[in-house]
There are 2 protein chains.
Amino acid sequence: MIHPSSPATDMRHHVVVVGGGFGGLQCIKSLRGPGIRITLIDQRNHHLFQPLLYQAATTILAPSEIAWPLRQLFRDREDVTTLLSTVTGVEPATRQVALEDGERISYDTLVLATGARHSYFGNDGWELHAPGLKTLEDATAIRRKILFAFEAAEAARDPALKQAHLTFAVIGAGPTGVEMAGIIADLAHRILPREFRRIDTHRARVMLIEAGPKVLSAFSEDLSDYARASLERLGVEVVLGTPVTQIDADRVVMGDTQVPCRTVIWAAGVQASSAAEWIGAPRDGAGRAEVAPDLSVPGRPEIFVIGDTAAVPDASGAPVPGIAPAAKQMGDYVGRLIAGRHAGAEAPPPFRYKHLGSMATLGRRAAIADFGKVTLKGRLAWWIWGVAHIFFLIGTRSRISVALSWLWSFVTGQNSARIITTPKGSR
Amino acid sequence: MIHPSSPATDMRHHVVVVGGGFGGLQCIKSLRGPGIRITLIDQRNHHLFQPLLYQAATTILAPSEIAWPLRQLFRDREDVTTLLSTVTGVEPATRQVALEDGERISYDTLVLATGARHSYFGNDGWELHAPGLKTLEDATAIRRKILFAFEAAEAARDPALKQAHLTFAVIGAGPTGVEMAGIIADLAHRILPREFRRIDTHRARVMLIEAGPKVLSAFSEDLSDYARASLERLGVEVVLGTPVTQIDADRVVMGDTQVPCRTVIWAAGVQASSAAEWIGAPRDGAGRAEVAPDLSVPGRPEIFVIGDTAAVPDASGAPVPGIAPAAKQMGDYVGRLIAGRHAGAEAPPPFRYKHLGSMATLGRRAAIADFGKVTLKGRLAWWIWGVAHIFFLIGTRSRISVALSWLWSFVTGQNSARIITTPKGSR
């Protein structure tokens, strides 16, 4: 049964945007025009600032500091309706989106911005033992795991068990893995030692395990080497050129080497969401939808795919990276394109990704920044990283809150978001 | 097997405190002395500021603003060991505390400060549909329920179902119930109307149902009447003299009246924790342990019971209320008593509770305060309430954060903690 998202007399051009992340949000911001109405569908009620998610997972920030209710963000847009729901499929022939409760929503134009999820390279059983970091729930679960590990080590009597609880393995030395490992080492070696009486948290082992030959392989060789040295100074054990072959509840296996370990965090692979499957579009190896130069689906000019779930080549032919600025650029491009199309304007030139730079933090006081010709490392890079991220947060409230959290952490050396809560019904 | 909480050569007098709430914390703060060591056991890793818990449940504050890791609070007390564990029983004969993992901890002196939990007056099946508000997990679950109710109403097509989702019932017109009802009404009538397109949140029905004849029966008649009028002005439907007879997933029943309702919150009854059962002490009707004038267990001078889980008569013979100041006074008394006893001092006079006053908020801008001879209502009472609660928070970080949250809410009219997260594995 068709679900009227507004009275049947509403003849405006209906754009349905699936996904309230960076791509979807920017698309809606850039898409305005008389005669257009928009429905935003997301399976969660909030927009998440993923670049800072690792800080929620490692007790520096609270979840509410990096997420905003979508409904609230668009309260002043009369033309935008927000729906909390899960899309299960798309029928391009009838121009309908299917929702999990059985309802359907008709669209005139569809924008799929559903992002990416973790890939365990076929070893889906590892997910139980090695959670990834994509959502607020992930961050809370990882934070709980990390803090419980120290608690369990404090309570354990068997020295081998104590050490297993104090052994952490982060898999994947991209920005997420590097940032997580750095902060866990900081917790173990700087913040927590004074708080435990039966364990010496300095003896925690924080391993960063990477199958490839470098940490942060997307950065220059010089920055990559600097990052590795910084991590080692922080107390991270960097293990390169070593694929993980097995992950169990109590150990990580790398070929012939077994390490007893109770806390494993996955930061090693992503795959696209199901968007390409929904519309039967051609896909690349990571499941991303291959799109036309204007980001529409070949043969379906009314359907667009943007962000991490789209395979878009950059000027050199390499795939545009799955990062927030890329998603925003695509969202902006498509938003303007749709508005222009509706107003009868000419089709714009093809989408061209503009890479502004990459940054990654190394512990609490250092970062690297690669702006192409200009690279920075150390304390200056960290300050620039901080300013940039605060700038891109949404709203003054969050900017003040995050700035305060960071200032507090800087001045007192303490992390402020260390509460363990457990879902009701467990323990 | 006996669990050494420190090397067998440690001959200090060992005080075990069970419960890191207001009572337990104050006891430890007041209990210092050479030759004494303390072990604090709590089933959670944090101390919770319960008076502001309703604000975490109604999107004003984030959980991390009102809770502090116990371990962090005592990092500078070398004499205090913190254990995250659940106590399952006490063996007074052998002076041991039993933990859920099978371990035991020996004590020389024991302080039970385990607080209270909800009572459904024998109707335990109601708990599933009508959660109470005692822990951070409760607050997050209630917040999720409230926000989902509006989302579900927006998505529903059947008008009766829409209205059921927009009907909220808070059971119990004590301070918690009154405070919750006031803020839910504020959400429905002031904050959310602009954010929904298919429902008129003004049509939400917020019921406060009380079996007794008054709201806030612990306050004077004048303040109670004022509170009722304030709530009604806020849009709360105050239903007095009406016991609830049944609560299901989709309705609340009061005698012959059935109200279709999808969100029910329980604030109507508490009972003590199991402390009295653990030690075989005499109990009152609410399960609280009846203690001697010095708060020790009759016949067991080395065991003390304090806070909500103790039955202590005040000067008039009425039971001391289960509020934070009472727990703190008892904790302070017992802490000093134990320290004094160990130093060979004389036994102090019996514990005497000093009632400083009661306060309750009514929506976002008003409160009532009853200091006995002096009573206040309205905006002034609300400012005093605010200042008092900020003062009693722990640590500058929280004071700044909460003050900022309230200031923001005051200036912008927006609540900032509206993120819905779902435990992993569900939906």
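Predicted model, so just to flag it, every value in this text is computed and none were measured. (Residues numbered from 1 in each chain as written. Chains lettered and ligands numbered in written order. Predicted model: local features only at pLDDT ≥ 70, side-chain atom pairs only at ≥ 80, totals over all residues. Heavy atoms only, no water.)

Asker: What's the story with the relation of the copies chain B and chain A in this structure? I'm lost.
Answerer: Two chain copies, one operation linking them: a rotation about an axis together with a shift along it. When chain B is fitted to chain A, the best match, at an RMSD of 0.0 Å, comes from turning it 180° and sliding it 0.0 Å along the axis. Such a combination of turn and shift is consistent with a two-fold rotation axis. The fraction of interface residues of chain B whose copies in chain A are also interface residues reaches 100%, indicating that both copies meet through the same surface. (Least-squares fit on C-alpha atoms with pLDDT ≥ 70 in both. Contact = heavy atoms within 4.5 Å.)

Asker: Is there a simple way to explain the environment of His389 of chain A in this structure?
Answerer: All names here are of chain A. Structurally, His389 is set in helix α10 (residues 379-392). Taking the relative accessible area as the measure of exposure, His389 reaches 12% and is therefore buried. For the pair formed by His389 and Leu52, sequence separation is 337 residues and the distance between their alpha carbons is 8.1 Å. In this view, His389 contacts Phe49, Pro51, Leu52, Met359 and Trp406; residues no more than four positions away in its chain are not counted. (Helix = DSSP H or I, 4+ residues; strand = E, 2+ residues; numbered from the N terminus. Buried < 20%, exposed > 50% of the residue type's maximum accessible area, 1.4 Å probe, protein only.)

Asker: Would you mind showing me how to read empty space enclosed by the protein here?
Answerer: Taking a probe equal in size to a water molecule and rolling it over the atoms shows the remaining empty space. According to the stated counting rule, one finds eight cavities of 30 Å³ or more in the structure shown. Computed from the structure, the largest cavity encloses a volume of approximately 140 Å³. Counting only elements with at least two residues in the lining of the largest cavity, the list comes to α2 (53-57), α10 (379-392) and α11 (396-412) of chain B. At three residues, the largest contribution of residues to the lining of the largest cavity is made by α11 of chain B. Of the residues contributing to the lining of the largest cavity, the split by class is seven nonpolar, four polar and two charged. In this structure, the second largest cavity occupies an estimated 70 Å³ of space. Taken together, Asn45, Pro69 and Arg71 of chain A together with Leu147, Phe150, Glu151, Leu192, Phe196 and Arg418 of chain B make up the full set of residues lining the second largest cavity. Broken down by element, the residue count for the lining of the second largest cavity peaks at three residues, all from helix α4 (residues 136-155) of chain B. (1 Å grid on protein atoms, 1.4 Å probe; cavity = no way out; pocket = protein on both sides within 12 Å on 5 of 7 lines; lining within 4 Å. Points joined across faces, edges and corners; volume = space filled by probe spheres on them. Nonpolar A, V, L, I, M, F, W, Y, C, P; charged D, E, K, R; others polar.)

Asker: Is there a simple way to think about the interface of chain B and chain A in this case?
Answerer: Note on interface size: it is often stated as the accessible area lost on association of the parts. The interface of chain B with chain A comprises 61 residues on the first partner and 61 residues on the second. Carbon and sulfur atoms supply 50% of the area that chain B and chain A bury against each other, a total of about 5700 Å² over both sides. For the chain B face of the interface with chain A, the top three residues by lost area are Arg71, Arg75 and Arg397 of chain B, together amounting to 14%. The shortest N-O distance in the salt bridge between Arg71 of chain A and Glu154 of chain B comes to 3.7 Å. In this assembly, chain B and chain A are joined by 24 residue pairs in polar contact (both at pLDDT 80 or more). The set of elements that each furnish at least two residues to the side of chain B that touches chain A consists of β4 (67-69), α3 (70-73), β5 (80-84), α4 and α11 of chain B. When residues in the side of chain B that touches chain A are grouped by element, the largest group, nine residues, is from α4 of chain B. (Buried area = accessible area lost by both parts, 1.4 Å probe. Salt bridge = Lys/Arg side-chain N within 4 Å of Asp/Glu carboxyl O. Polar contact = N/O pair within 3.5 Å; in protein donor to acceptor, adjacent residues only side chain to side chain.)

Asker: Quick question: what am I supposed to make of the sheet that holds strand β24 (residues 366-371) of chain A here?
Answerer: Paired through backbone hydrogen bonds, the strands of a sheet run either parallel or antiparallel to each other. All names here are of chain A. The sheet built from three strands is open, its strands ordered β23-β24-β25 with antiparallel pairing. In the strand order of this sheet, the two ends are held by β23 (358-362) and β25 (374-378), each with one partner. In this sheet, neighbouring strand axes are inclined to one another by 5° on average, regardless of whether the strands run parallel or antiparallel. The sheet contact formed by β23 and β24 spans five bridges and is antiparallel. Looking at β24, one finds that Leu362 is bridged to Ala366. (Pairing = 2+ DSSP bridges. Axes fitted to C-alpha atoms, helices over the stretch in contact; angles between N-to-C directions.)

Asker: Help me understand helix α9 (residues 324-342) of chain B in this model?
Answerer: For an α-helix, 3.6 residues make a turn, and residues three or four places apart therefore share a direction. Compared with the 27 Å implied by 1.5 Å per residue over 19 residues, the 27 Å span of α9 of chain B between its first and last C-alpha is a close match. The positive-phi residue at the C-terminal boundary of α9 of chain B is Gly344 of chain B, with phi of around 85°. (Expected span 1.5 Å × (residues − 1).)

Asker: It is not clear to me how α10 of chain B should be interpreted in this structure. Could you clarify?
Answerer: All names here are of chain B. Relative to the 20 Å expected for 14 residues at 1.5 Å per residue, α10 spans 20 Å between its end C-alpha atoms, a close match to the ideal helical length. For α10, every residue scored as buried is listed here: Ala381, Trp382, Trp385, Gly386, His389 and Ile390. One side of α10 carries all its buried residues, which in axial view fall inside an arc of 160°. Opposite its buried face, α10 presents the exposed residues Val387 and Phe391, each directed more than 90 degrees away. Structurally, α10 contributes buried residues whose contacts are with α2, α6 (175-191), β23 (358-362), β24 (366-371), β25 (374-378) and α11. (Arc of directions from axis to C-beta.)

Asker: Please clarify how the environment of Gln414 of chain B should be interpreted in this entry.
Answerer: Turning to its location among the elements, Gln414 of chain B is positioned in the segment after α11. Considering only alpha carbons, one finds Gln414 of chain B and Thr88 of chain B, 326 residues apart in sequence, at a separation of 43 Å. Each residue touching Gln414 of chain B, except ones within four places of it in the same chain, is listed here: Gln72 and Arg75 of chain A together with Ile191, Glu195 and Ser409 of chain B.

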